[in-house]
Amino acid sequence: MAEGSLSDDFQGAKTGSTGGPLPGRWNSRGLAMTFQVWGWRREDASRVLAWVPDAEGGRGAAMPRRTSATKDPTAVERANLLNMAKLSIKGLIESALSFGRTLDSDYPPLQQFFVVMEHCLKHGLKVRKSFLSYNKTIWGPLELVEKLYPEAEEIGASVRDLPGLKTPLGRARAWLRLALMQKKMADYLRCLIIQRDLLSEFYEYHALMMEEEGAVIVGLLVGLNVIDANLCVKGEDLDSQVGVIDFSMYLKNEEDIGNKERNVQIAAILDQKNYVEELNRQLNTVSSLHSRVDSLEKSNTKLIEELAIAKNNIIKLQEENHQLRSENKLILMKTQQNLEVTKVDVEAELQTYKHSRQGLDEMYNEARRQLRDESQLRQDVENELAVQVSMKHEIELAMKLLEKDIHEKQDTLIGLRQQLEEVKAINIEMYQKLQSSEDGLKEKNEIIARLEEKTNKITVAMRQLEQRLQQAEKAQMEAEDEDKKYLQECQSKSDSLQKQISQKEKQLAQLETDLKIEKEWRQTLQEDLQKERDTLSHLRNETQQIISLKKEFLNIQDENQQLKKIYHEQEQALQELGSKLSESKLKIEDIKEANKALQGLVWLKDKEATHCKLCEKEFSLSKRKHHCRNCGEIFCNACSDNELPLPSSPKPVRVCDSCHALLIQRCSSNLP
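All values derive from a computational prediction rather than experimental measurement.

### Here's the deal with the side chain of R173
Inspection of the secondary structure assignment puts R173 in helix α8 (residues 168-182). R173 sits in the buried class, given a relative accessible area of 4%. In terms of polar contacts, R173 uses its side chain to reach the backbone carbonyl oxygen of L238, at 2.7 Å.

Rendered as structure tokens:
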């Protein structure tokens, strides 16, 4: 298109085909926008058209000028819409590239672009008659794209699912925004323009979408793939928006151009400032990480010292365990000797008891039972001692395991010390209880000896009493015989006999007193037996106490098992802490490398780069410039079509091929 064609078209728009002045509005149906371009200069128009390619892909292809008398109003409308589309697309691309960030729905050039596209799509629409009213909307042809381009089905389904849209115009506006975010608006509209037989159902033959201007606009839309937009469609009221073009954005003076260049320079300076601030933040994080590493090293040295102290304590505990073993062996030898002595004594006593009476046999049987119970108790005590020895063996094994794992189990040493102290106290208590049980056994042996002496005395006394009773019975028999003889022989000797009887009665009284004394002696013996039975009950209570001590010993074993479980859990926690520490060290190394790389980075300006750094191809309108967010160099789209998260931004950003390969290699080496 020639340089003067745009001004001629605007002159045609002002004067009309007949040369008369127009009121400043276009004659297209449905377009209600003011066109105030009376002060537009020819230089500005030539500058715009020199940037925008024409329909054949060339720059400034010569077109024959039409005189105002031969121009068609619809052609003028199409040319004006084409020029506005060129201006809006150019302004949007330039402002987006200078802005340097993702665009949102409040960005003014983006809003004006959607308004211009809406007017372009509305040009030449046919009015469709419905049952109630006339319908004229662009949603019909846009909905047709789903049949021609299968990938557009997602946009159509999401637009229909939006809850706030009630009119077809609102759905069409939402469709345009979603297509821009997908960067496929040019592809969708190209498929639609190719099928002109289908478009003829919606557009007139002179419509923009049916002519070459539609193909030119679709070609211009390819440049919008450079822009990243993030638009919120749900919250906007797309049904009631008024689509009016604001021409003040495109009317520029020399001062405005100078201000724009200044704004561009200021924006570049601000971008450099933000980049430097991000580097400073990263350096601050690195310094904090260095301080953390130093603190961790100090804590590690302290823990190593504590480990050495713990090893010394463990050696002392092992020596104490050896001493306790030797003492336990001596105790076992003494108890065995005492048992052998008591067995010999008991056998001798049993042989003596066999010659005694039935009552004494019962007493001896009870004594035997008591001795059996005591022997069983001694066996139980020996079993407990064996269990304790096995427990000590287990503790020794656990201590060996602790020696191996002590480097990783620093926090659990304090708890293990307490547990070992408790085990010491338990061993001391058990040793004291064993000593007390031995003392009790000695006392019981002494009591048994006393009982045997008492029983011997009782047997001697009983024999003496029996002899006395036999003598008394013999005396009574002799007295009775003598009485009979004296009665038969003579009654005269009754006085003498009575004297003898009185004497014998005195003897009988003495015998009765002796019997009473013997009865009292028997009562005292019975009381002694009761006392001995009480001592036996006391011994039984002591045996019950020993049984309770057994239960306490079992409870201590359960507590020891629980402590072992806690010990294993703490081992697992320490292993997890070790893995986390290794991960943190790897992250710190990555951050150090990233900082080293970032300290040498410089954000290259657009003016300084004319060729791609990798493929060395020259940049043009089709081959755009792209910054690598990692190294700061400028590349083409093919050499920087990668996205990865960086330390400066958690979201994926554009990265060149060489940085992409390097970062992936680093991540793969850091993985376990």
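### Topic: helix α3 (residues 73-99)
The first and last C-alpha atoms of α3 sit 38 Å apart over 27 residues, in line with the 39 Å expected at 1.5 Å per residue. Taking burial as the measure, the 27 residues of α3 include 21 buried ones, the bulk of the element. Looking at the residues trailing α3, positive phi occurs at G100, about 75°.

### Looking at the pattern of salt bridges
Summed over all chains, the structure comprises 14 salt bridges. The partner of R468 in a salt bridge is E518, with the nearest N and O atoms 3.8 Å apart. Taken together, the positions of R468 in helix α14 (residues 413-489) and E518 in helix α15 (residues 494-599) put the pair 50 residues apart, joining distant regions of the chain. Look at R468 and you get partly exposed, because its relative accessible area is 45%.

### Quick notes on the nonpolar core
Grouped together as the largest cluster of nonpolar side chains are 64 residues, with contacts concentrated most on F113, W175, M185, Y203, L221 and L224. For this core, the secondary-structure elements that each account for two or more residues are α3, α4 (108-122), α5 (139-143), α7 (153-161), α8, α9 (185-194) and α11 (212-221). Residue contributions to this core peak at nine residues, all from α3. Excluding anything up to four places from it in sequence, L221 contacts I89, F113, M117, M185, A186 and L189. Counting 16 residues, the second-largest nonpolar core is a separate cluster that includes C612, C628, L644 and V653.

### Thoughts on the packing of aromatic side chains
Summed over the entire model, instances satisfying the criterion amount to three aromatic pairs. For the pair F113 and F114, a centre-to-centre distance of 5.6 Å together with 55° between the ring planes defines the contact as tilted. In this pair, the class of F113 matches that of F114, namely buried. Residues Y149 and Y188 carry aromatic rings whose centres are separated by 5.1 Å and whose planes lie at 75° to one another, so their mutual orientation is edge-to-face. With a gap of 39 residues between them, Y149 in the loop between α6 (145-148) and α7 and Y188 in helix α9 connect regions that are remote in the sequence.

### Overview of a negative patch on the surface
A cluster of acidic side chains, namely E421, E422, D558 and E559, defines a negative patch on the protein surface. Counting only elements with at least two residues in the negative patch, the list comes to α14 and α15. Tracing the backbone shows E421 in helix α14.

### Overview of the pairing of strand β5 (residues 642-646)
Where burial is concerned, the two faces of β5 differ: the one with N642, L644 and L646 is buried and the one with E643 and P645 is not. Counting the residues in the hairpin turn of β5 and strand β6 (residues 649-655) gives two residues.

### Concerning a positive patch on the surface
A cluster of basic residues, R450, K454, K457 and K531, forms a positive patch at the surface. Considering every element that reaches the positive patch, the biggest residue donor is α14, with three residues. Take R450: it is sitting in helix α14. The exposed category is assigned to R450, whose relative accessible area is 52%.

### Considerations on the pairing of β6
Bridging between β5 and β6 involves five bridges; their strand directions are antiparallel. Paired with E643 across the strands is R654, a residue of β6.

### Remarks on the confidence of the model for the protein
A residue-level look at the protein finds 80% of positions with pLDDT of 70 or above and a mean pLDDT of 76. The element-level mean pLDDT for the protein is lowest in helix α1 (residues 5-15), coming to 36, with strand β4 (residues 634-635) highest at 90. pLDDT under 50 marks residues 1-69. Its contacts with residues more than four places away, or in other chains, come to 105 contacts.

### Observations regarding the packing of α3 against α11
Two elements in contact, α3 and α11, have axes whose closest approach is 10 Å; the angle formed by their N-to-C orientations is 5°. Classified by the interaxial angle, the pair formed by α3 and α11 is roughly parallel. Two secondary-structure elements touch here, α3 through R78, L82, A85, K86 and I89 and α11 through E213, V216, I217, L220 and L221. Of the residues in the contact of α3 with α11, the class split is seven nonpolar, no polar and three charged.

### Here's the deal with α8
Three- or four-residue spacings in an α-helix give side chains the same orientation, since the helix completes a turn every 3.6 residues. End to end, α8 covers 21 Å across 15 residues, agreeing with the expected 21 Å (1.5 Å per residue, within 8%). Regarding α8, the residues found buried are G170, A172, R173, A174, W175, L176, R177, L178, A179 and L180. For α8, the secondary structure elements touched by its buried residues are α4, α5, α6, α7 and α9. Trailing α8 by a residue or two, K183 shows a phi angle of about 60°, which is positive.

Reading guide: rules and limits
- Residues numbered from 1 in each chain as written.
- Predicted model: local features only at pLDDT ≥ 70, side-chain atom pairs only at ≥ 80, totals over all residues.
- Heavy atoms only, no water.
- Helix = DSSP H or I, 4+ residues; strand = E, 2+ residues; numbered from the N terminus.
- Buried < 20%, exposed > 50% of the residue type's maximum accessible area, 1.4 Å probe, protein only.
- Polar contact = N/O pair within 3.5 Å; in protein donor to acceptor, adjacent residues only side chain to side chain.
- Expected span 1.5 Å × (residues − 1).
- Salt bridge = Lys/Arg side-chain N within 4 Å of Asp/Glu carboxyl O.
- Core = buried A, V, L, I, M, F, W, Y, C linked by side-chain atoms within 4.5 Å.
- Contact = heavy atoms within 4.5 Å.
- Phe/Tyr/Trp six-rings, centres within 6.5 Å; stacked < 30°, edge-to-face > 60°.
- Patch = residues over 30% accessible without salt bridge, like charges linked within 9 Å, V, L, I, M, F, W, Y side chains within 5 Å.
- Areas by Shrake-Rupley, 256 points an atom, 1.4 Å probe, with all protein chains shown as cover.
- Lys, Arg positive; Asp, Glu negative; His and termini not counted.
- Charge placed at Lys NZ, Arg CZ, Asp CG, Glu CD.
- Pairing = 2+ DSSP bridges.
- pLDDT = per-residue confidence, 0-100.
- Axes fitted to C-alpha atoms, helices over the stretch in contact; angles between N-to-C directions.
- Parallel < 35°, antiparallel > 145°, perpendicular 65-115°, else oblique.
- Nonpolar A, V, L, I, M, F, W, Y, C, P; charged D, E, K, R; others polar.

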